[in-house]
Structure formats: structure tokens, C-alpha cells
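Observations on the model geometry
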Amino acid sequence: MYSSQASALPHRVIGLISGTSVDGIDAALVEITGTELDLKVELLAGKTYPYPADLRERILAVCAGEAISMLELADMDDAIALAFAQAAQNIQIGYQPANLIGSHGQTVYHRPPKEAGVGKTTLGYTLQLGRGEMIAYLTGITTVSNFRVADIAVGGHGAPLVPRVDAFLLSHPHESRCIQNLGGIGNLAYIPARTDDWLSQIRGWDTGPSNSLLDLAVERLTSGTKTYDEDGQWAASGTPCYPLVKKWLTHEYFHLSPPKSTGRELFGVAYLNQCFQDAEPYQLSPADMLATLTELTVASIVHSYRTFLPQMPQRVFLCGGGSRNLYLKQRLQLALETVPVLTTDEAGVSADFKEAIAFAVLAYWRQLGIPGNLPTATGAPHEVLLGEVHQG
Ligand SMILES: Nc1ncnc2c1ncn2[C@@H]1O[C@H](COP(=O)(O)OP(=O)(O)OP(=O)(O)O)[C@@H](O)[C@H]1O
Ligand SMILES: CC(=O)N[C@H]1[C@@H]2OC[C@@H](O2)[C@@H](O)[C@@H]1O[C@H](C)C(=O)O
């Protein structure tokens, strides 16, 4: 545990991320004081800046495995960095300028590490575009980026990284909690009540698809006129097909023991095509298909908790865009029975901007020399400093 002396003064930091939904750049301007147990973050401004439509399409194509040249890769890296730098400039309008940026960038590829014989691991590989050096150059603000590689370099998954920040922002003295992110991919942080040794008992992993398949299905069912099902209204008018959910739950990812991480490589276009093929004999309506895909997200989360957690949490707090999907939230509450399902807003942390806030905190920790990974979530053998620093 680190002393808070180094950070007695508040730090104004910008956190930036575009996640696996590729819907746009979430930017948070925050004021941070304290370090870990005394960490305090005030959200001054939070906003999502949508990507230009052509850039979003190019990113999604690359995520789906389309080949591009090195020249195109460099251009895409810079186009993303430019969009991130603009988001950083815009979020500060009307505020005192920030002195640090933590930028996650855009994940375009993620390959978890693999066992390679006794005590050996083939390192994972992860690629986030939107290079930090360009953001620092364009904004004149010191920028920390490329957070995942240091954890990967010691054999970890490099993901999920937010659980360590969740631990200090959302733990409770007497209550065990799950913080469930519903992004393109879902992930959780299980945080026991803050008694002795609570930190070492925190768990975290990716639960599987959350909005990624739903969004792709909506695009497909509307011939591209819609990108998501607002509030889950369309899905709510359908009925889940349980034999399909049962079949899809046999996917080996759901049965892998944590630590584990995944991405659009596993739960993207190819997987959705398979889902539509599997659904053919059932002649589902579009609404039934969306309800069934929603149920896969719900069932995979609940299966994950019941199988891999030491005990069920006392409360679940949702965050990420999927926490605004009322149908998904309602189905999750039904499946979790007596465990209350809330959003992190109700625990004082913005459900929409928690990931952006987390990368502001991770950059701040990097500057203070505080590790950012949680080995029990990433599978790394020990804590490491995360992020590369580019002076502004
Ligand atoms: N009102 C809403 N109703 C239903 N779904 C919503 C709503 N608002 C946002 N979403 C969903 O949330 C998604 C965006 O969520 P979020 O920004 O948390 O994802 P992300 O950060 O890209 O994902 P990840 O956490 O995997 O990196 C949208 O693509 C959409 O599917
Ligand atoms: C490689 C990558 O970008 N992973 C993301 C993704 O989106 C959700 C889940 O999969 C999580 O593991 C991670 O993001 C969050 C911010 C994390 O690291 O905690």
C-alpha cells in the first residue's frame, strides 16, 4: 500500500478509451486526490465523441480480420490518435487545463496467453491503436498509453485492468460486490468486503460477449440503419429460445477457469453468423433472436459467477453501455434472484465513464510509481507498472 503524501495536491487528468463496441471515444476529465485506499476521483466532465463513420467502419473491418497494409495500419493508428487528441482538447473546454492524459486507445486485436508446457507460457499479444506519442505531440500534455503490454510481458492477459481501480473506488467495508461491466465484452471485478486480506481475494475476468453480438445483430437485422437496440426495447418484445442459449453456452470459453480474457476475435462477426445458422431451425423473429442473444449474455454472466466465484456477491453494480439496456438489466436481475442489481451510479461512480475514469487513474498511478495490474485478474505472476509515458 502506498502513502498518499506524494499526491496531496489534486491532479487534473483526462482518461480516454474506445472499447470493443467501437462506438466512439469516452473521455473523462477528473480531479484525483489520494492514492489507493484514500483515492478520490471527482468527475468534472464526461462525454462520448463518436468516431467519424468511415473510421469506425475501417476499425470494425480490421477487428473482423480484414487484412491491411503497413501503410494503412500507420494511417489508421494516426487517425485514431488524432480523434483521441481532439477528444482530449474538447473535454477541457470551460475547465482549467489537465496536466496528464491516460489513453487506452482502440483495441484492434487481442490474443490471450497460452499454456506451453509445465511452467511455460506463450505470451499473449494485444494491440491498441491511437499512439500516445502523437496524442502528447498534438495536445502538449504528457500522455500515458499502451497500458496492457507490461502485464502481457510477464505472462499476464493484459486484461481486465479496471478491477484494480474498481477495488479502490467501489469496495465496501461490510459488503461483497461484483462490478459488472457490460461493454462490447463483459467483465467483472469481484470485491469482497474490506476486511483483512481483501485485496488478495479480489477476482476479475472477462465473462464473454455483452453488447458485441447484440449490436452486430441489430445492424444485420436493420440492414445497417441502426447500430444498437435502444434500452433493449426490441429484444423486450421477443422471447428467448432456451435450447439455443443452452447450446451456445457449451462454447469452451465459458468453461475456462479464470483468469481469462477475450474479445471480438471470439465473439464477433463469425460467431454471430454461427448463431444465426444455429437459429434457422427455430424460425425466430428478429425480436426473438435479440432476446435470445441477450439471454446468452445473462446466462454466461450468471454461470460465470456460480461456477468461478468463491461465493455469490451481496450486490451487483452494473456499468458500461449495457447498463442502459433496461431489458438486459431486468433479465439479469431475474437470473440473479435475490442479489440486488444496481448501477455504479448508485455507488457514486459514473456507469458511463468508469472505464475512462479508470485510465485516468492508471496514468496517475504510473506517474506515482504505483502498479496498475491486479495479478488475480490478469493472471500475471506479480504487480507491474503499467503504461508508456510520452512527455507533452
Ligand atoms: N440506452 C441504451 N440501450 C441499450 N444499449 C445501450 C444503450 N446505451 C449504450 N448501449 C450499448 O452499449 C454499447 C457501448 O457500451 P460501452 O461504451 O460500455 O462499450 P465499450 O466501452 O466499447 O466496451 P468494452 O467495455 O468492451 O471495452 C453500445 O454499443 C450499445 O450496445
Ligand atoms: C484487450 C481489451 O481491450 N480488453 C477489454 C475488452 O473490453 C472489456 C473487456 O474486454 C476487458 O478485458 C478490457 O477492457 C477493460 C477496460 C479492462 O481492461 O478492464
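The shown structure was predicted, so the numbers you read here are calculated from the model rather than taken from an experiment.

1. Points about the pattern of salt bridges
- The tally for this structure, following the rule as stated, stands at 13 salt bridges.
- Note that Glu 219 and Arg 56 form a salt bridge whose closest N and O atoms lie 3.6 Å from each other. Taken together, the residues span a long stretch of sequence, with Glu 219 in helix α6 (residues 212-221) and Arg 56 in helix α1 (residues 53-63) at a distance of 163 residues.
- The residue Arg 324 makes a salt bridge to Asp 352 at a minimum N-O spacing of 2.9 Å.

2. Details of helix α13 (residues 354-368)
- For α13, which comprises 15 residues, the first-to-last C-alpha distance of 21 Å matches the rise-based estimate of 21 Å (1.5 Å per residue) to within 8%.
- Burial of α13 is extensive: eleven of the 15 residues sit out of reach of the surface.
- The complete set of buried residues in α13 reads Lys 354, Ala 356, Ile 357, Ala 358, Phe 359, Ala 360, Val 361, Leu 362, Ala 363, Tyr 364 and Trp 365.
- One or two positions beyond α13, positive phi appears at Gly 369, with a value near 75°.

3. Brief notes about the site of ligand 2
- Close to ligand 2 lie 17 residues; Thr 107, Arg 148, Leu 161, Val 162 and Asp 206 are nearest.
- Here Leu 161 contributes a backbone N or O atom positioned 2.8 Å from an oxygen atom of ligand 2.
- Asp 206 places a polar side-chain atom, nitrogen or oxygen, 2.7 Å from an oxygen atom of ligand 2.
- If ligand 2 stood free it would expose 430 Å²; the protein chains cover 96% of that surface.
- Contributions of two or more residues to the shell around ligand 2 are made by β4 (100-111), β10 (185-191) and α13.
- Among the elements that take part in the shell around ligand 2, β4 stands out by supplying three residues, more than any other.
- Taken together, the residues of the shell around ligand 2 sort by class into seven nonpolar, seven polar and three charged.
- For the shell around ligand 2, the two domains that each supply at least three residues are domain 1 (5-162 + 353-390) and domain 2 (165-347).

4. Quick notes on the site of ligand 1
- Residues in close proximity to ligand 1 total 22 residues, the closest being Thr 20, Ser 21, Asp 215, Asp 231 and Gly 321.
- Here ligand 1 loses 87% of its free accessible area of 650 Å² to cover by the protein chains.
- When the residues that make up the shell around ligand 1 are grouped by side-chain class, the tally is three nonpolar, eleven polar and eight charged.
- For the shell around ligand 1, the two domains that each supply at least three residues are domain 1 (5-162 + 353-390) and domain 2 (165-347).

5. Quick look at the domain arrangement of the protein
- Segmenting the protein into domains produces domain 1 (5-162 + 353-390) and domain 2 (165-347).
- Listed by partner, the interface residues are 31 residues for domain 1 and 31 residues for domain 2.
- Roughly 2400 Å² of surface becomes buried between domain 1 and domain 2 when both sides are summed, with 60% attributable to carbon and sulfur atoms.
- On the domain 1 side of the contact with domain 2, Thr 20, Lys 354 and Thr 376 bury the most area, a combined 24% of that side's loss.
- Linking domain 1 with domain 2 are two salt bridges, by the criterion used here.

6. Remarks on the pairing of strand β3 (residues 40-49)
- Two strands pair when backbone bridges link them, and strand β2 (residues 25-33) and β3 are joined in this way by nine bridges, in the antiparallel orientation. Bridged to Thr 33 within β3 is Lys 40.
- With antiparallel pairing between neighbouring strands as the criterion, β2 and β3 make up a hairpin whose turn holds six residues, including Gly 34 at a positive phi of roughly 75°.

7. Quick look at helix α10 (residues 269-279)
- Those residues of α10 lying buried are Tyr 271, Leu 272, Cys 275, Phe 276, Asp 278 and Ala 279. For α10, the arc enclosing every buried residue in end-on projection is 160°, short of the 170-degree limit, so these residues lie on one face.
- Tucked into the core, α10 has its buried residues touching α6, α8 (242-248) and α11 (286-308).

8. Some points on the sheet that holds strand β13 (residues 341-343)
- Pairing is mixed in the open sheet, where five strands are placed in the order β11-β10-β9-β12-β13. Where the open sheet ends on each side, the last strands, each with one partner, are β11 (203-209) and β13. Each strand axis lies, on average, 25° off the axis of its neighbour in the sheet, ignoring direction.
- Here β10 runs beside β11; their pairing, made up of six bridges, is antiparallel. Looking across to β11, one finds that Leu 188 is bridged to Trp 205.
- Lying over the sheet, helix α5 (residues 162-170) contacts β9 (177-182) and β10, oriented at roughly 50° with respect to β10.

9. Structural notes on the nonpolar core
- Phe 147, Leu 362 and Trp 365 are the most contacted members of the largest nonpolar core, which has 41 residues in total.
- When residues of this core are traced back to their parent elements, those giving at least two are β1 (11-18), β2, α5, β10, β12 (315-319) and α13.
- Residue assignment places this core across two domains, with domain 1 (5-162 + 353-390) and domain 2 (165-347) each supplying three or more.
- Contacts of Leu 362, omitting those with residues within four sequence positions, involve Phe 147, Leu 161, Val 165, Gly 372 and Leu 386.
- Ranked by size, the runner-up nonpolar core spans 30 residues in total, among them Val 22, Tyr 51, Leu 55 and Ala 87.

The rules behind these values
- Residues numbered from 1 in each chain as written.
- Chains lettered and ligands numbered in written order.
- Predicted model: local features only at pLDDT ≥ 70, side-chain atom pairs only at ≥ 80, totals over all residues.
- Heavy atoms only, no water.
- Salt bridge = Lys/Arg side-chain N within 4 Å of Asp/Glu carboxyl O.
- Helix = DSSP H or I, 4+ residues; strand = E, 2+ residues; numbered from the N terminus.
- Expected span 1.5 Å × (residues − 1).
- Buried < 20%, exposed > 50% of the residue type's maximum accessible area, 1.4 Å probe, protein only.
- Near = heavy atom within 4 Å.
- Polar contact = N/O pair within 3.5 Å; in protein donor to acceptor, adjacent residues only side chain to side chain.
- Areas by Shrake-Rupley, 256 points an atom, 1.4 Å probe, with all protein chains shown as cover.
- Nonpolar A, V, L, I, M, F, W, Y, C, P; charged D, E, K, R; others polar.
- Domains from an automatic or database assignment.
- Contact = heavy atoms within 4.5 Å.
- Buried area = accessible area lost by both parts, 1.4 Å probe.
- Pairing = 2+ DSSP bridges.
- Arc of directions from axis to C-beta.
- Axes fitted to C-alpha atoms, helices over the stretch in contact; angles between N-to-C directions.
- Core = buried A, V, L, I, M, F, W, Y, C linked by side-chain atoms within 4.5 Å.

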